[in-house]
Amino acid sequence: AHPTFDVQLLGMHPDISATSSDVLALVVSITVVMPTQPGYLSAYPTGQVPATPSSIINFVGNDVTPNLAIVRPGTDGKLTILLHSGVAGNAHVLVDVFGWVSTSTFTGADPDDPLDERGARLISVNPSRILDTRPSKGGTGPLTVGEDRELTILGVKSIFDPSGPAVVPDNPDIVGVMVNVVGIAPTEGTFVSVVPDAPLTEPTTSNLNLAPGVVKANLVVVPVGADGKIHLFNKVGDTNVAVDVMGYFLKVPDDTRKGRIIPLTAPFRAFDTRKPEFGAVRLGPGQAEAWSFANFAASVTVGGVSVGTQDALLGNLTSAGLTRLYPTVPVSGYLTVYPADGSPRPTVSNLNSPESAAVPNMVLVKYGTSQQVNVFNFAGYAHYLLDVSAVVLGD
């Protein structure tokens, strides 16, 4: 019957006060665990029921499905989670907090006070692959049971352009990274955790939950360790992993607005290719199409005033059903979102999808020329949609 329940967000961590006015929104990973029926999950600030619900996670029965989200706390610092399904059922839900979006700015009153410190800004990049463990792709082989594998972030280069510029600068002021992590055909059901330092024990949060043989992606926000690295931990079995950099978090010493995240009051559906107003035509195999966000960007305001220049957006991309090219040949594919600026399509994926199933993943979308982006479909015929949850400001 579309049940709702409230989750306390503020006051559950020593750095996030229950009465803090500094917390504008939180970055969370929400996971639906072993639902008895298929459906989707939406979430909204408690006390602020949206007129039109949007999905964060589309799930099938008897699976484990995570997705990253930017959510706002509502009444008493709570988030309301709503489960939608056509038939009665039940599911477990996990919520892991990875950070928050701050309303405050650096005052400089006391440089030794850790509370008087500007939060890092999100700098979007052209998506680049920095790890692929598959030997056929030049990797050293899959993560094994209980393995922790370190991955250099500061100064890292694309595996496809090792002599080119660094994807992430070697800068000590870079304190975190946003990466898309893809689990590739694990031998057993497992989870992968992404953490800043080598874990001494099994991590208590997960970023990617995988069934045997599947290919699944999830966007991850993780601090960079003091050594400039992050760590990937695999629970059981063997699994190959690919990692694509989407952006990084930079501490800035001045009052630039570049990289500041502005969450929307409610998610905005930018397009849905199933709808007549967006063409109602699936994107074919090996094809890309451009979308303009100029009108959307111009519509974003704070207190009735335009926020001005924007570099990127954050939103939930959903593959809404992949169909076969040939009726007797099964298909699996992926979607890639990248700036429409004339540059070659990057060799990365934003979400990987089997046929028929709806698959979501949060994306950081860097704008190209005239605030346009391209969406590329690898195989089969794909419908897809995008719900925008935040924008990233430019200078």
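Residues numbered from 1 in each chain as written. Predicted model: local features only at pLDDT ≥ 70, side-chain atom pairs only at ≥ 80, totals over all residues. Heavy atoms only, no water.

Caption draft 1: Region of interest: the overall build of the protein chain. Of regular secondary structure, the protein chain possesses 1 helix and 25 strands. In terms of overall dimensions, the protein chain is globule-like: its C-alpha atoms have a radius of gyration of 20 Å, near the 21 Å expected for 395 residues. With the C-alpha coordinates of the protein chain rotated into their principal frame, the extents come out at 70 × 50 × 45 Å. By the burial criterion, 51% of the 395 residues in the protein chain qualify as buried. Residue pairs at least 24 apart in sequence account for 80% of intrachain contacts in the protein chain once pairs closer than 6 positions are excluded. Entry remark: accessible area of the protein chain is about 17,300 Å², with carbon and sulfur atoms responsible for 55%. (Helix = DSSP H or I, 4+ residues; strand = E, 2+ residues; numbered from the N terminus. Rg over C-alpha atoms; globule rule 2.2 N^0.38 Å. Buried < 20%, exposed > 50% of the residue type's maximum accessible area, 1.4 Å probe, protein only. Contact = heavy atoms within 4.5 Å. Areas by Shrake-Rupley, 256 points an atom, 1.4 Å probe, with all protein chains shown as cover.)

Caption draft 2: Representation of the environment of Leu-283. Of note, Leu-283 is situated in the loop between β16 (261–272) and β17 (287–292). The sequence separation of Leu-283 and Val-236 amounts to 47 residues, and the corresponding C-alpha distance is 36 Å. Ignoring sequence-local partners within four residues, the contact set of Leu-283 consists of Ala-288, Glu-289, Val-375, Phe-376, Asn-377, Gly-380, Tyr-381, Ala-382 and Tyr-384.

Caption draft 3: Quick peek at the sheet that holds strand β10 (residues 174–184). The strand order β8-β15-β10-β13 describes an open sheet built from 4 strands, whose pairing is antiparallel. Only two strands of the sheet have a single partner each, and these edge strands are β8 (121–132) and β13 (215–223). Strand after strand, the sheet turns through a mean of 20° between neighbouring axes, direction not considered. (Pairing = 2+ DSSP bridges. Axes fitted to C-alpha atoms, helices over the stretch in contact; angles between N-to-C directions.)

Caption draft 4: Molecular detail of the pairing of strand β3 (residues 39–45). Across the 7 residues that make up β3, a large majority, 6, are buried. Relative to strand β4 (residues 57–59), β3 runs antiparallel, the two sharing 3 bridges. Residue pairing across strands places Gly-39 opposite Phe-59, the latter belonging to β4.

Caption draft 5: The arrangement of the environment of Thr-133 in detail. With respect to the helices and strands, the residue Thr-133 is situated in the loop between β8 and β9 (148–152). Note: C-alpha distance between Thr-133 and Phe-59 (74 residues apart in sequence) is 27 Å. Ignoring anything within four residues of it in the chain, the contact list for Thr-133 reads Gly-139, Thr-140, Gly-141, Pro-142, Leu-143, Arg-149, Thr-239, Asn-240 and Val-241.

Caption draft 6: Just the packing of aromatic side chains, in detail. Applying the stated criterion to the full structure yields 11 aromatic pairs. Seen in terms of ring centroids, Phe-271 and Trp-291 are 4.1 Å apart; in terms of plane orientation they differ by 15°. Their pairing is stacked. In this pair, Phe-271 sits in strand β16 while Trp-291 sits in strand β17, placing the two residues 20 residues apart along the sequence. Summarising the burial analysis for this pair, Phe-271 and Trp-291 share the class buried. Consider the rings of Phe-271 and Tyr-384, whose centres lie 5.6 Å apart with planes at 85°: the pair is edge-to-face. With Phe-271 in strand β16 and Tyr-384 in strand β25 (residues 381–393), this pair connects stretches of sequence that are 113 residues apart. (Phe/Tyr/Trp six-rings, centres within 6.5 Å; stacked < 30°, edge-to-face > 60°.)

Caption draft 7: Geometry of the sheet that holds strand β2 (residues 23–33). The strand order β5-β2-β7 describes an open sheet built from 3 strands, whose pairing is antiparallel. The outermost strands of the open sheet, each flanked by one partner alone, are β5 (64–71) and β7 (92–102). Strand after strand, the sheet turns through a mean of 15° between neighbouring axes, direction not considered. Two strands pair when backbone bridges link them, and β2 and β5 are joined in this way by 8 bridges, in the antiparallel orientation. Counted as the bridge partner of Ile-30 is Asn-67 from β5.

Caption draft 8: Examining the pattern of salt bridges more closely. Scanning the entire structure with this criterion turns up 11 salt bridges. Linking Arg-134 and Asp-132 is a salt bridge whose minimum nitrogen-to-oxygen distance equals 2.7 Å. Residue Arg-134 is classed as partly exposed on the basis of its relative accessible area of 24%. The buried category is assigned to Asp-132, whose relative accessible area is 4%. Salt-bridge contacts for Arg-149 lead to Glu-147; the nearest nitrogen and oxygen are separated by 3.0 Å. Judged by relative accessible area, Arg-149 falls into the buried class, the value being 15%. (Salt bridge = Lys/Arg side-chain N within 4 Å of Asp/Glu carboxyl O.)

Caption draft 9: Just unusual backbone geometry, in detail. Even without being glycine, Ser-356 reaches a positive phi, approximately 75°. With respect to the secondary-structure elements, Ser-356 resides in the loop between β22 (351–354) and β23 (359–366). On the basis of relative accessibility, which here comes to 59%, the residue Ser-356 falls in the exposed class. You will see that Ser-370, though not glycine, has its phi angle at about 55°, which is positive. Along the chain, Ser-370 falls in the loop between β23 and β24 (372–377). For Ser-370, a relative accessible area of 55% puts it in the exposed group.

Caption draft 10: How the structure looks around the side chain of Glu-147. Within the secondary structure, Glu-147 sits in the loop between β8 and β9. Of the polar contacts made by the side chain of Glu-147, one reaches the side chain of Arg-149; its length is 3.0 Å. If we ignore the near neighbours within four places in the chain, the residues touching Glu-147 are Pro-142, Leu-232, Phe-233 and Asn-234. (Polar contact = N/O pair within 3.5 Å; in protein donor to acceptor, adjacent residues only side chain to side chain.)

Caption draft 11: The side chain of Ser-353, seen in detail. Note that Ser-353 resides in strand β22. In terms of polar contacts, Ser-353 uses its side chain to reach the side chain of Ser-319, at 3.4 Å. Discounting residues that sit within four places of it in the chain, Ser-353 has contacts with Ser-319, Leu-322, Ser-332, Gly-333 and Val-359.

Caption draft 12: Local environment of a nonpolar patch on the surface. On the surface, a cluster of nonpolar side chains totalling about 370 Å² of accessible area is made up of Leu-325, Tyr-326, Val-329 and Tyr-381. Inspection of the secondary structure assignment puts Tyr-381 in strand β25. Accessibility expressed as a relative area gives 31% for Tyr-381, which makes it partly exposed. (Patch = residues over 30% accessible without salt bridge, like charges linked within 9 Å, V, L, I, M, F, W, Y side chains within 5 Å.)

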